[in-house]
Amino acid sequence: MQRAMVIVGASLGGFDAISALLSRLPASFPWPVVIVQHRSAEDTADTLQVMLQRLCALPVREVEDKDPIVAGHVYVAPPDYHLLIDRGAFALSTEARVSHARPSIDVLFDSAAATLGSSVVAVVLTGANADGALGVVRVKSEGGLVLVQDPATAESPAMPLAAIATAAADEVLPLEAIGDYLSRLAASRM
Amino acid sequence: MSTELEVLEIELLTEGIFRHYGVDFRHYAYASLRRRIWNCVRAEKLSTVTQLLDRVLHDTGSMERLLLQLSVNVTSMFRDPGFYRAFREKVVPMLRSHPFIRIWHAGCSTGEEVYSMAILLEEEGLYERSRIYATDMNEAVLAQARKGIFSMDMMTEYTRNYALSGAKAQLSDYYLARYDFALFRQSLRRNVVFAHHNLVTDGSFNEFNVILCRNVMIYFDRELQSSVHRLFYASLRRFGILALGRKESLRGTDHEGDYLELDPVERIYRRMA
Ligand SMILES: C[S@@+](CC[C@H](N)C(=O)[O-])C[C@H]1O[C@@H](n2cnc3c(N)ncnc32)[C@H](O)[C@@H]1O
């Protein structure tokens with residue numbers, strides 16, 4: 001099986017969108033799924049992890065420094081840290097916000113592209129800013145695959161629109177279709 | 001992708017900096033180090049990491065800029081208010097029985113955390129018998145820390161953090177507002193020593209009751225983390241307190257079994273063995 005990784009960026013409206021995506025992934029989903037959802041630095045009570053776990057068949061974890069990246073696990077970035085992909089493990093950073101965001105979607109996407117190249121599948125979901133647009137260009141330039149939520153199905157279309165405007169998107173998919181698309185993709189690459 | 005060539009260039013850069021300046025980034029976490037190195041390459045208007053090596057070896061000004069970039073100095077007062085609340089509730093009662101309290105803030109950056117701790121200790125009536133050693137590898141941030149002057153823009157956020165931290169007064173009781181700056185009271189500094197110390201290359205220099213090292217070791221690789229934990233263990237008294245960042249732990253280090261977790265969320269540990 002090819003070693004791949006799904007990386008997901010979401011902002012305003014992201015919780016529902018991520019829920020819709022994760023609830024469609026089977027317990028047998030073979031790749032790690034790494035999520036940056038913009039949220040307040042004060043949202044420290046593990047709420048996102050707990051709520052996502054309720055509707056996801058895969059184990060969901062809020063990342064800690066140097067956690068190994070395990071296939072079939074879902075990881076969410078902790079509030080107020082940038083999340084980066086290192087060789088086989090996560091790295092955290094408290095560097096300055098990037099485009100007002102920490103965690104930043106661009107930072108995650110860039111590090112994933114640098115570490116895993118063409119094995120990256122990037123997904124941009126709903127959001128009211130342009131985070132992720134630089135990231136998808138980077139993912140694309142390393143030969144990765146870029147999926148973007150159809151802005152018409154997004155609670156906040158700005159972020160998908162910004163990603164589409166870079167011309168890096170391979171597929172623009174309605175929200176309900178993204179989970180199934182990933183499952184089929186994983187099955188076909190097994 | 002991060003090609004073999006890029007890995008080689010980064011290795012040569014950190015090796016060159018170490019051999020010429022004695023500053024050791026060779027065991028920093030690769031993903032974040034790489035990102036910051038490229039930020040420097042761009043800021044210096046260069047196009048390769050090797051060009052950056054050439055420049056820093058021949059131009060000490062660019063080395064100073066690189067040092068600032070690579071050392072990530074972002075910090076704030078009462079960052080993670082829950083940590084300070086837990087410290088008041090769980091650590092302060094233990095410290096009360098000590099006639100003298102030695103605290104080490106490792107990687108103190110521009111000092112916001114140190115002033116926060118000084119305020120907490122003052123409010124708990126412990127400051128008089130405390131001595132805080134606040135260290136960093138970066139002289140530029142230490143110079144700022146000694147001044148105790150922070151931007152007024154930050155005070156709204158710090159005031160909110162402070163209020164959530166178990167505050168016993170108003171943050172504004174501790175500083176004077178002057179134009180765009182908040183000047184913190186000199187007296188908060190009377191028992192603080194700001195000093196240069198590099199966790200990679202310098203050894204133990206005292207025995208402490210409390211060591212705080214928050215959001216510093218996330219920039220280190222596992223091997224370096226282990227060696228710094230050996231340094232902390234050697235510098236901490238038995239039953240002393242070790243405080244890490246909220247997303248750090250002792251997992252995988254030689255000393256995991258020697259500490260008890262006092263607060264699993266705020267990552268406050270007590271040395272037992
Ligand atoms: C992100 S700041 C953390 C500041 C503060 N502890 C906090 O949590 O807000 C990291 C600090 O660690 C310092 N640092 C990095 N490597 C170090 C080393 N090898 N020895 C000492 N300090 C180091 C940096 O200079 C920087 O000031």
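Residues numbered from 1 in each chain as written. Chains lettered and ligands numbered in written order. Predicted model: local features only at pLDDT ≥ 70, side-chain atom pairs only at ≥ 80, totals over all residues. Heavy atoms only, no water.

Asks: I tried to follow the interface of chain A and chain B on my own but got confused; where do I start?
Replies: Think of interface size as the accessible area that goes away when the parts come together; that is how it is often given. Taken together, the contacts link 33 residues of chain A with 27 residues of chain B. Between chain A and chain B, the buried area comes to about 2,600 Å², and carbon and sulfur atoms account for 44% of it. Run the count over chain A and chain B and you get seven salt bridges. Close ionic contact of A:E62 with B:K247 constitutes a salt bridge, the shortest N to O distance being 2.6 Å. Counting across the chain A and chain B interface gives 15 residue pairs in polar contact (both at pLDDT 80 or more). When residues of the side of chain A that touches chain B are traced back to their parent elements, those giving at least two are β3 (60-62), β5 (82-85), β6 (90-93) and α3 (105-116) of chain A. No other element matches the six residues that α3(A) contributes to the side of chain A that touches chain B. Within the side of chain A that touches chain B, the residues separate by chemical class into twelve nonpolar, five polar and 16 charged. (Contact = heavy atoms within 4.5 Å. Buried area = accessible area lost by both parts, 1.4 Å probe. Salt bridge = Lys/Arg side-chain N within 4 Å of Asp/Glu carboxyl O. Polar contact = N/O pair within 3.5 Å; in protein donor to acceptor, adjacent residues only side chain to side chain. Helix = DSSP H or I, 4+ residues; strand = E, 2+ residues; numbered from the N terminus. Nonpolar A, V, L, I, M, F, W, Y, C, P; charged D, E, K, R; others polar.)

Asks: Which parts of the structure should I look at to understand the pattern of salt bridges?
Replies: Oppositely charged side chains are able to pair whenever their charged atoms sit close together. All names here are of chain A. Applying the stated criterion to the full structure yields 36 salt bridges over all chains. Residue E62 is joined to R39 by a salt bridge in which the shortest nitrogen-to-oxygen separation is 3.2 Å. Of the two residues, E62 sits in strand β3 while R39 sits in the loop between β2 (33-37) and α2 (47-55), which places them 23 residues apart along the sequence. One exposure class covers both E62 and R39, and it is buried. (Buried < 20%, exposed > 50% of the residue type's maximum accessible area, 1.4 Å probe, protein only.)

Asks: Whenever I open this one, the packing of α3(A) against helix α4 (residues 133-141) of chain A confuses me. Can you help?
Replies: For any two helices packed against each other, the geometry comes down to the angle between their axes and how far apart the axes lie. All names here are of chain A. Relative to each other, α3 and α4 sit at 10°, their axes nearing to 8 Å. By the criterion of interaxial angle, the relationship of α3 to α4 is roughly parallel. In this structure, α3 uses D106, F109, D110, A113 and A114 to contact α4, whose residues at the interface are A133, L134, G135, V136, R138 and V139. Here the residues of the contact of α3 with α4 are counted per class, giving seven nonpolar, one polar and three charged. (Axes fitted to C-alpha atoms, helices over the stretch in contact; angles between N-to-C directions. Parallel < 35°, antiparallel > 145°, perpendicular 65-115°, else oblique.)

Asks: Before we go on, may I ask you to explain the domain arrangement of chain B in this structure?
Replies: Residues and elements named next belong to chain B. According to the domain assignment, chain B consists of domain 1 (3-70) and domain 2 (81-271). Each of domain 1 and domain 2 has a C-alpha centre, and these two points are 29 Å apart. For the pair domain 1 and domain 2, the summed buried area comes to about 970 Å², and 61% of that belongs to carbon and sulfur atoms. Between the two partners, domain 1 and domain 2, sit two residue pairs in polar contact (both at pLDDT 80 or more). (Domains from an automatic or database assignment.)

Asks: Would you explain the side chain of B:R267 in this entry?
Replies: In this fold, B:R267 is placed in the loop between β9 (259-263) and β10 (268-271). Separated by 2.7 Å, the side chain of B:R267 and the backbone oxygen of B:P264 make a polar contact. If sequence neighbours within four positions are ignored, B:R267 has contacts with A:E64, B:L242, B:A243, B:L244, B:G245, B:R246, B:E248 and B:S249.

Asks: Just to check I follow, could you spell out the nonpolar core for this structure?
Replies: In a soluble, globular protein the nonpolar side chains are often hidden away together inside. By size, the foremost hydrophobic cluster in this structure holds 74 residues, and its most contacted members are A:I7, B:L199 and B:F232. Take this core: its biggest share by element is six residues, from α3(A). Here this core spans two domains, since at least three of its residues come from each of domain 1 (3-70) and domain 2 (81-271) of chain B. Aside from chain neighbours lying at most four places away, what touches B:F232 is B:W104, B:A106, B:L199, B:I211, B:C213, B:M217, B:L242 and B:Y259. Counting residues in each nonpolar core, the second largest holds 43 residues, with B:F87, B:V114, B:Y115 and B:A134 among its members. (Core = buried A, V, L, I, M, F, W, Y, C linked by side-chain atoms within 4.5 Å.)

Asks: Just checking my understanding: could you explain the sheet that holds β10(B) for this structure?
Replies: Paired through their backbone hydrogen bonds, the strands of a sheet run either parallel or antiparallel. Residues and elements named next belong to chain B. One open sheet holds the seven strands; their spatial order is β6-β2-β1-β7-β8-β10-β9, and the pairing between them is mixed. Edge positions in the open sheet fall to β6 (192-196) and β9, since each of these has one partner strand only. Shown here is a sheet whose adjacent strand axes are inclined to one another by a mean of 20°, direction ignored. Pairing geometry for strand β7 (residues 208-213) and strand β8 (residues 236-244), over five bridges, is parallel. The residue of β8 that forms the bridge with I211 is L242. Sheet strands in contact with helix α7 (residues 139-147) are β2 (130-136) and β6, and its direction is about 165° off that of β6. Across the sheet, helix α9 (residues 222-235) lies against β1 (101-106), β7, β8, β9 and β10, angled at about 135° from β8, the strand it touches most. (Pairing = 2+ DSSP bridges.)

Asks: When you look at the environment of B:S32 in this model, what are you seeing that I'm missing?
Replies: Topologically, B:S32 is positioned in helix α2 (residues 30-43). In the structure, B:S32 is positioned 137 residues away from B:A169 in sequence and 38 Å away in space, judged by C-alpha atoms. Ignoring any residue separated from it by four or fewer positions in sequence, one finds B:S32 in contact with A:L84, A:E95 and B:Y219.

Asks: Looking at this structure, how should I read the site of the ligand?
Replies: The environment of the ligand is made up of 21 residues, and the closest members are B:Y28, B:N73, B:T75, B:D136 and B:L199. Site remark: the ligand is flanked by residues from chains A and B. Contact between the ligand and B:N73: an oxygen atom at 2.9 Å from a side-chain N or O atom of the residue. Between B:L199 and the ligand, the recorded distance is 2.9 Å, taken from a backbone N or O atom to a nitrogen atom. (Near = heavy atom within 4 Å.)

Asks: Before we go on, may I ask you to explain the sheet that holds strand β1 (residues 5-10) of chain A in this structure?
Replies: All names here are of chain A. Spatially, seven strands are ordered β3-β4-β2-β1-β7-β8-β9 in an open sheet, and the strand pairing comes out parallel. Two strands in the sheet have a free side with no partner beyond their single neighbour: β3 and β9 (171-173). Each strand of the sheet is rotated relative to its neighbour by a mean of 20°, with strand direction disregarded. Bridge count between β2 and strand β4 (residues 74-76): three bridges; the pairing is parallel. The residue of β4 that forms the bridge with I35 is V76. Where helix α5 (residues 158-165) meets the sheet, its contacts fall on β1, β7 (120-124), β8 (145-149) and β9, and the angle it forms with β8 comes to roughly 145°.

Asks: Would you mind going over the pairing of β2(B) with me for this structure?
Replies: On a regular strand, each side chain points to the face opposite its neighbour's, so the side chains alternate between the two faces of the sheet. Residues and elements named next belong to chain B. For β2, the tally of buried residues reaches six of seven residues, placing the bulk of the element in the interior. Between the parallel elements β1 and β2, the chain passes through helix α6 (residues 112-123) in a crossover that is right-handed. In the sheet, β2 pairs with β6 via five bridges, with the strands oriented parallel. Bridge assignment links I132 to a residue of β6, and that residue is V192. (Right-handed = clockwise from strand over helix to strand, strands pointing away.)

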